[in-house]
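Structure at a glance
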Amino acid sequence: MSRPQLLIDTDPGVDDALAILMAHADADIAALSIAAGNVGLAHTVRNACTLVDLLGSATPVFAGCATPLVRAPAEDAAFVHGADGFGDIGFPVAKAVAADESAAQALLRLTRERPGELTLVALAPLTNLALALRLDPALPQRVARLVVMGGAVTGHGNTGMIPAEFNVGFDPEAAHVVFEAFPSFDLIDWEATLRHAFDEETFDAWLQAGDHRADFYGRIAGTARAFNRKHDRRGIIAADALAMAVAIDPTIITRSEKRAVAVELDGRLTRGATVVDWARRLGAPANANIVLEVDQARFGAMVRRALGAPER
């Protein structure tokens, strides 16, 4: 079986790092396009380059938008991931460097060079994708699939705007542009990631059995794990990893629902909320395949493989 061909838009970020390790293990990565989100753009670009070094790959890195499209600046998630996004370990400056081409231009160029071949995996606020769409609205026609980690489909978000999930809440206008432009995409929301958290003892056993990738991930994840424990979030919550699992192998999905999904832009208490037409009352096209459940054992096997832990 041929390996999936992925174009990854990301804001590394601890959970982004695990997703990228998974992509390296089970797919081919055409490029990493980088947005601000979990932390500022200088840190997310540096973290992407650190991952390229770790994996010994020649994956190109393209720096993108440092702020949301309209309202800036937005609150980042440094209090979860560490000020540098990688747990404040203090890694040396990476040997890999970002290319001169901007992320939005790279997204357009790569999809023109390889029309219909690339699965676009959106793990960050959707700023880069929205800018690319404004430059070239035909982008969706050249993408094999779009997989988005974002949203909270029944309003149980993880931001100060209570119904909003972080990626969508960071740049709601960008999410609106992307959701309006793509006629079909897979949506892996925050609530699904909570349902698919890993048992901590099991995950720690994978880290102990793994190789240099597991050592790296175990080091950078400490800050985020401490935050989750403090806030009664149980288990290892691997949001971007779940989206990556769906991107690599969509047959891992065991339950999903196709519905029209939009983004609230103006609500005083609900800005950034993902609004789902569950009852199909509006007659709008069902643009999102909302992933509700995946095969947890197969998901876990992909994570173990990414960490270099042997199969059971």
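Here is a short report on the structure shown in this document. Just so you know, these numbers come straight off a predicted model, no measurement behind them. (Residues numbered from 1 in each chain as written. Predicted model: local features only at pLDDT ≥ 70, side-chain atom pairs only at ≥ 80, totals over all residues. Heavy atoms only, no water.)

Bringing the sheet that holds strand β2 (residues 28–34) into the picture now. What the eight strands build is an open sheet, ordered β3-β2-β1-β4-β5-β6-β10-β7; its pairing is mixed. One side of each edge strand has no neighbouring strand; the edge strands of this open sheet are β3 (61–63) and β7 (253–259). Put simply, the sheet's adjacent strands are angled 25° from each other on average, direction ignored. For β7 and strand β10 (residues 288–294), the ladder comprises six bridges, and the chain directions are antiparallel. Residue pairing in the sheet places Arg 259 in a bridge with Ala 288 of β10. Sitting on the sheet, helix α2 (residues 41–55) is in contact with β2 and β3, with an inclination near 160° to β2. (Pairing = 2+ DSSP bridges. Helix = DSSP H or I, 4+ residues; strand = E, 2+ residues; numbered from the N terminus. Axes fitted to C-alpha atoms, helices over the stretch in contact; angles between N-to-C directions. Contact = heavy atoms within 4.5 Å.)

Applying the stated criterion to the full structure yields 18 salt bridges. Between Arg 109 and Glu 113 there is a salt bridge, with the nearest N and O atoms lying 3.2 Å from each other. Of this pair, Arg 109 and Glu 113 both sit in helix α4 (residues 103–113), four residues apart, which is roughly one turn of the helix. What makes Arg 109 partly exposed here is its relative accessible area of 27%. Arg 195 is paired through a salt bridge with Glu 293; the nearest N and O atoms lie 3.4 Å apart. Of this pair, Arg 195 sits in helix α9 (residues 190–195) while Glu 293 sits in strand β10, and the two are 98 residues apart along the sequence. Residue classification places Glu 293 among the partly exposed residues on the basis of a relative accessible area of 24%. Residues joined in a network through salt bridges with shared partners are Asp 26, Arg 304, Arg 305 and Glu 311. (Salt bridge = Lys/Arg side-chain N within 4 Å of Asp/Glu carboxyl O. Buried < 20%, exposed > 50% of the residue type's maximum accessible area, 1.4 Å probe, protein only.)

Let us now look at the packing of helix α10 (residues 200–209) against helix α11 (residues 212–220). Taken N-terminus to C-terminus, the directions of α10 and α11 make an angle of 135°; their axes are 7 Å apart at the nearest point. Put simply, α10 runs oblique to α11. Each of Phe 203, Trp 206 and Leu 207 in α10 lies in contact with α11, whose residues at this interface are Ala 214, Tyr 217 and Gly 218. For the contact of α10 with α11, the class distribution of residues is five nonpolar, one polar and no charged. (Parallel < 35°, antiparallel > 145°, perpendicular 65-115°, else oblique. Nonpolar A, V, L, I, M, F, W, Y, C, P; charged D, E, K, R; others polar.)

For strand β1 (residues 5–10), the buried fraction is high: five of the six residues fall into the buried class. With six bridges joining them, β1 and β2 adopt parallel strand pairing. Directly across from Asp 9, in β2, lies its bridge partner Ser 33.

It is worth spelling out helix α14 (residues 296–306) at this point. Turning to α14, its buried residues are Phe 299, Gly 300, Ala 301, Met 302, Val 303, Arg 304 and Ala 306. Sitting at the head of α14, Asp 295 places a side-chain oxygen 3.1 Å from the backbone nitrogen of Ala 297. At the C-terminal side of α14, Gly 308 shows a positive phi close to 80°. (Polar contact = N/O pair within 3.5 Å; in protein donor to acceptor, adjacent residues only side chain to side chain.)

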